[in-house]
Amino acid sequence: MDINAALPLVVRKSQAHGGLARGLHEAAKAIEKHNAHLCVIADDCDQPDYVKLVKALCTDHNVEVLHAPSAKTIGEWAGLCKIDSEGKARKVVGCSCVVVKDYGEQHEAVEVVQQHKD
């Protein structure tokens, strides 16, 4: 399993266990309280100050930063969408930043992400 397959699983499991902070406000609070294990930022975020702030907070508090291809992708991983009858995501809301506060259960994807961090 590579990092591109493991990251969505980690974010989804974290969201299912209530250990996910979505958006700038929640992410900043989680990082400041030293609750954060991992931060995921969208590559297509068009506000450089936003990215700069999140990266600076993560650097100050020793939180690893990983990148995802788009805000819509992170929004889908974080559950900010509706699932139709065929199991496909509809009405996906973009989310430029998520912070994993709790991995939930330990599984292979968590180990892959933790090895990638080191």
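In case you missed it, the structure is sitting above this.
Residues numbered from 1 in each chain as written. Predicted model: local features only at pLDDT ≥ 70, side-chain atom pairs only at ≥ 80, totals over all residues. Heavy atoms only, no water.

Remarks on the environment of Val110
Put simply, the rule is: Put simply, DSSP H or I for four residues or longer makes a helix, DSSP E for two residues or longer makes a strand, and each gets a number counted from the N terminus. Note on exposure labels: buried denotes an accessible area under 20% of the residue type's maximum, exposed denotes more than 50%, and partly exposed covers the range between, all computed with a 1.4 Å probe on protein chains only. Two residues qualify as a contact provided that any one of their heavy atoms is within 4.5 Å of a heavy atom in the partner residue.
Looking at the secondary structure, you find Val110 in helix H5 (residues 108-117). On the basis of relative accessibility, which here comes to 0%, the residue Val110 falls in the buried class. Residues Val110 and Val11, 99 residues apart in the sequence, show an inter-C-alpha distance of 9.6 Å. Contacts of Val110, omitting those with residues within four sequence positions, involve Val10, Tyr103 and Glu105.

Let's talk about the pairing of strand E6 (residues 97-100)
What counts is decided by this rule: Here, any two strands with at least 2 DSSP bridges between them count as paired.
Residues Cys97 and Val99 of E6 are buried on one face, and the alternating residues Val98 and Val100, pointing to the opposite face, are buried as well. In this structure, strand E1 (residues 20-22) lies alongside E6, joined through three bridges in antiparallel fashion. Bridged to Arg22 within E6 is Val98. In terms of strand pairing, strand E2 (residues 38-42) meets E6 through four bridges, oriented antiparallel.

Looking at the sheet that holds E6
Put simply, the rule is: Axis geometry follows a simple rule: fit a line to the C-alpha atoms, using only the stretch in contact for helices, then measure angles between N-to-C directions, giving values from 0 to 180 degrees.
Spatially, E1-E6-E2-E3 is the arrangement adopted by the four strands of the open sheet, whose pairing is mixed. Of all the strands in the sheet, the pair left with one neighbour each is E1 and strand E3 (64-68). When strand polarity is set aside, the average angle formed by the axes of neighbouring strands in this sheet is 20 degrees. Running over the sheet, helix H2 (residues 23-32) touches E1 and E6 and is turned about 135 degrees from E1.

Some words on helix H3 (residues 48-60)
The condition is simple: The span one expects for a helix is its residue count, reduced by one, times 1.5 Å. Comment: arc refers to directions from the helix axis out to C-beta atoms.
With 13 residues, H3 extends 18 Å between its outermost C-alpha atoms, agreeing within 8% with the 18 Å of an ideal straight helix rising 1.5 Å per residue. Here H3 has its buried residues at Tyr50, Val51, Val54, Leu57 and Cys58. Along the axis of H3, the buried positions cluster into a sector of 135 degrees, meaning they face one direction only. The exposed set on the far side of H3, more than 90 degrees from its buried face, consists of Pro48, Asp49, Lys52, Thr59 and Asp60. Its buried side turned inward, H3 meets H2, E2, E3 and E6. Phi turns positive one or two residues past the end of H3, at Asn62, with a value near 55 degrees.

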